[in-house]
Amino acid sequence: MPFGRTLRDRGLTLALAESCTGGMLGSMLTSVPGSSEYLLFDAVVYSNASKTTCSASNDDTLRAFGAVSDETAVAMVRGVLRVSGADLAVAVTGIAGPGGGTDDKPVGTVWIGVGNRAGNVYARRFLFRGDRERVRVMSAYTALRMVQELAATHERG
């Protein structure tokens, strides 16, 4: 089933917090007519300061775990749910490259978080191989798949 139809048929709304995808996810969604029925909010939170402003994260979280972490992805989901009022949210934070990687977090490391207003929030780590564009595209498509899975099982409150 096409992504948007799942949300529309279930009467669900969505909010996004994008870092390494830089708005690609929102662009993919809004290229489809009728996406305004379900997409409420898309924030590109590329800097640490913007991640703190638009998430449930704070400087302590970023200092302790880094911008590319489970904790930050979850905080981004919680924050964007709070700010937007959407039913569901997805957040993407990662290292698209070619620079910025470390031994612990090599280029291609991406955390994708999803959650709903009921407080069910989780994040998964991925390691995508390829150049910057491939990491970004794989991140966006994986985020769409994760939120579609969440939407398919979400009980409307």
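Quick caveat: nothing in here was measured; it's all calculated off a predicted structure. (Residues numbered from 1 in each chain as written. Predicted model: local features only at pLDDT ≥ 70, side-chain atom pairs only at ≥ 80, totals over all residues. Heavy atoms only, no water.)

Peer 1: Report on the packing of helix α1 (residues 3-10) against helix α6 (residues 132-153), specifying residues and quantitative values.
Peer 2: If you want to describe how two helices pack, look at the angle between their axes and the distance between the axes. With their axes 10 Å apart at the nearest point, α1 and α6 run at an angle of 25° to one another. Overall, the two elements α1 and α6 adopt an arrangement that is roughly parallel. α6 is crossed by α1, and the crossing has left-handed handedness. For the pair formed by α1 and α6, the contact residues are F3, T6, L7 and R10 on the first element and L144, V147, Q148, A151, A152 and T153 on the second. A per-class count over the contact of α1 with α6 returns 6 nonpolar, 3 polar and 1 charged. (Axes fitted to C-alpha atoms, helices over the stretch in contact; angles between N-to-C directions. Helix = DSSP H or I, 4+ residues; strand = E, 2+ residues; numbered from the N terminus. Parallel < 35°, antiparallel > 145°, perpendicular 65-115°, else oblique. Left-handed = near helix turned anticlockwise from the far one by under 90°. Contact = heavy atoms within 4.5 Å. Nonpolar A, V, L, I, M, F, W, Y, C, P; charged D, E, K, R; others polar.)

Peer 1: I'd like to hear about the side chain of T142, residue by residue, with values.
Peer 2: The topology assignment puts T142 in helix α6. Looking at T142, the relative accessible area reads 4%, which means it is buried. Once residues within four sequence positions are removed from consideration, T142 is found in contact with I112, F126 and F128. (Buried < 20%, exposed > 50% of the residue type's maximum accessible area, 1.4 Å probe, protein only.)

Peer 1: Mind laying out the pairing of strand β4 (residues 109-116), listing which residues take part and the relevant values?
Peer 2: Along β4, 8 of the 8 residues are buried, which leaves the element largely enclosed by surrounding structure. Side chains T109, W111, G113 and G115 of β4 all project onto a buried face; the interleaved residues V110, I112, V114 and N116 project onto the opposite face, where all are buried too. Here strand β3 (residues 88-94) pairs with β4 via 7 bridges, running antiparallel. Counted as the bridge partner of L88 is N116 from β4. Summarising the sheet, β4 and strand β5 (residues 121-127) pair through 7 bridges and their orientation is antiparallel. Paired with G113 across the two strands is A123, which belongs to β5. Between β4 and β5, which follow one another and run antiparallel, lie 4 residues, and G119 among them has a positive phi close to 95°. (Pairing = 2+ DSSP bridges.)

Peer 1: Please provide a residue-by-residue account of the environment of V68, values included.
Peer 2: Along the polypeptide, V68 turns up in the loop between α4 (59-65) and α5 (70-84). For the pair V68 and R78, spaced 10 residues apart in sequence, the C-alpha to C-alpha distance is 16 Å. Other than its neighbours up to four places away in sequence, V68 contacts T93, G94, I95, K105, T109 and W111.

Peer 1: So, the pattern of salt bridges: which residues are in play, and what are the values?
Peer 2: Throughout the structure, instances matching the rule amount to 4 salt bridges. Across the pair E133 and R136 runs a salt bridge whose closest N-O atoms are separated by 3.2 Å. Separated by 3 residues within a single helix, E133 and R136 lie in helix α6, roughly one turn from each other. Take R136: its relative accessible area is 16%, and that puts it in the buried class. With its nearest N and O atoms 3.8 Å apart, the salt bridge here joins R145 to E149. With R145 and E149 both in helix α6 and 4 residues apart, this pair spans about one turn of that helix. Judged by relative accessible area, which is 39%, R145 ranks as partly exposed. (Salt bridge = Lys/Arg side-chain N within 4 Å of Asp/Glu carboxyl O.)

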